[in-house]
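Take a look at the letters that make up each chain.
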Amino acid sequence: MLEKMLQDLEHIQEETKSQLKKVVSQEELNEIRVKFLGKKGELTAILKGMGKLNNEDRPKVGQVANEIRNNMEGFIAAKTKELKEAALTAQIEEERIDISLPGDPVALGHRHPLTMVIDDIKEIFLGMGYEIAEGPEVENDYNNFEGLNLPKDHPARDMQDSFYITENILLRTHTSPVQVRTMAKMVPNYPVKVICPGKVFRRDDDSTHSPMFHQVEGLVIDENISLADLKGTLLTVLRQLFGADREIRLRPSYFPFTEPSVEVDISCGICGGKGCRSCANTGWLEILGAGMVHPNVLEMAGYDSTKLRGFAFGIGVERVAMLKYGIDDLRVFFENDTRFLNQF
Ligand code: DAH
């Protein structure tokens, strides 16, 4: 009887030890605790047989049973600690920051296509000895119209309806007022040789007109300036912008601030001047307005129009960009759609 009980106690101790080895979770551990040490567990079951022992053997079994219970509790405590440590290690591993991983790439932007065209135009003129002049986008009536030979009742004002702040203050409708400002600053000195890039505004809105767009104005004043100088200058500039194989032609036109006035066309880049759909079968594309500065404009600025002459031109930046990049709707420049902008 005694032998059997001691063997059984030894056995559940070994059994506890070996089953604990396979345990990987706290739940499994609890099951084992209940199975061996619980109120209805195996140790209790063995000890129920104590009553049948004689008085001499009972304390012996009691002592061994206590040792074994202590051992078993020790195994379980050790396993509990082991499981906790393993869980912590796993968590640390999971949350570890790998400082050797490459960082998130920084999205690099680039210049807007219109800015690229303006920069190209500036670069070409700076190379030809021009200076860059600037004026405000909110302009007065005198600089925008009057000083350019466009008095209040002039019918050509109709083509440049603007946004008025007061009767005499408006958003400039072209960059030509910078001509008036530059002359006022320079007079009586010459030569004047400037370009003026900037934003302009009109009451227009369709696929080829935006209420806000860009121009680059040009003004040259000196002795002996002729239409040939204007043509030579524009040919040089447009060939640098569009390619050395391009031709230009001048057509008579009308602007109040130039006399004579011309419309400048560039040979179509798609058909080479033969005529195609893009150029409406003419072989030519209209690109800018220009002319010889009107004597009234020179005189109003204080220059002697019998001694000095000038030429001027106004380039539409959107128009140049549309021709250069083959874009048929001007509004895409202002929609901020990166699918469009990323193509440049
Ligand atoms: N200011 C004119 C416009 O916006 C363009 C222009 C034409 C400018 C002839 C000039 C010029 O300097 O000489 O329609």
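Every value quoted in this text rests on a predicted model; they were computed, and no experiment measured them. (Residues numbered from 1 in each chain as written. Predicted model: local features only at pLDDT ≥ 70, side-chain atom pairs only at ≥ 80, totals over all residues. Heavy atoms only, no water.)

What about the site of the ligand?
Step number 1: Taken together, 16 residues sit near the ligand, with H174, S176, R202, Q215 and E217 positioned nearest.
Step number 2: Taking H174, its side chain carries an N or O atom lying 2.9 Å from a nitrogen atom of the ligand.
Step number 3: Note that a nitrogen atom of the ligand is positioned 3.0 Å from one of the side-chain N or O atoms of S176.
Step number 4: When the free accessible area of the ligand is taken as 350 Å², the share hidden by the protein chains comes to 92%.
Step number 5: Only β6 (212–222), β9 (284–293) and β10 (309–316) provide two or more residues apiece to the shell around the ligand. (Near = heavy atom within 4 Å. Polar contact = N/O pair within 3.5 Å; in protein donor to acceptor, adjacent residues only side chain to side chain. Areas by Shrake-Rupley, 256 points an atom, 1.4 Å probe, with all protein chains shown as cover. Helix = DSSP H or I, 4+ residues; strand = E, 2+ residues; numbered from the N terminus.)

Brief notes about the environment of I315
Step number 1: Turning to its location among the elements, I315 is positioned in strand β10.
Step number 2: Among the residues examined, I315 registers a relative accessible area of 2% and is labelled buried.
Step number 3: Aside from chain neighbours lying at most four places away, what touches I315 is I121, F125, H214, Q215, V216, L288 and V320. (Buried < 20%, exposed > 50% of the residue type's maximum accessible area, 1.4 Å probe, protein only. Contact = heavy atoms within 4.5 Å.)

Focus on helix α4 (residues 57–95)
Step number 1: The terminal C-alpha atoms of α4, which comprises 39 residues, lie 57 Å apart, in line with the 57 Å expected from a rise of 1.5 Å per residue.
Step number 2: Those residues of α4 lying buried are D57, V61, G62, A65, I68, M72, I76, K79, T80 and L83.
Step number 3: Of the surrounding elements, those touching the buried residues of α4 are α1 (2–21), α2 (26–37) and α3 (42–47). (Expected span 1.5 Å × (residues − 1).)

Examining the packing of helix α5 (residues 113–127) against helix α10 (residues 317–325)
Step number 1: Interaxial distance between α5 and α10 falls to 9 Å at its minimum, and their mutual angle equals 100°. Looking at the two axes, α5 sits roughly perpendicular to α10. Contact residues: α5 offers P113, L114, M116, V117, I118 and D120, while α10 offers V317, E318, V320, A321, K324 and Y325. (Axes fitted to C-alpha atoms, helices over the stretch in contact; angles between N-to-C directions. Parallel < 35°, antiparallel > 145°, perpendicular 65-115°, else oblique.)

Observations concerning the pairing of β9
Step number 1: Most of β9 sits inside the fold, with eight of its 10 residues counted as buried.
Step number 2: In this structure, strand β8 (residues 258–267) lies alongside β9, joined through eight bridges in antiparallel fashion. Looking at β9, one finds that T258 is bridged to V293.
Step number 3: Strand direction decides the pairing type here: β9 and β10, joined by five bridges, are antiparallel. Each bridged residue has a counterpart across the sheet, and for M292 the counterpart in β10 is F311. (Pairing = 2+ DSSP bridges.)

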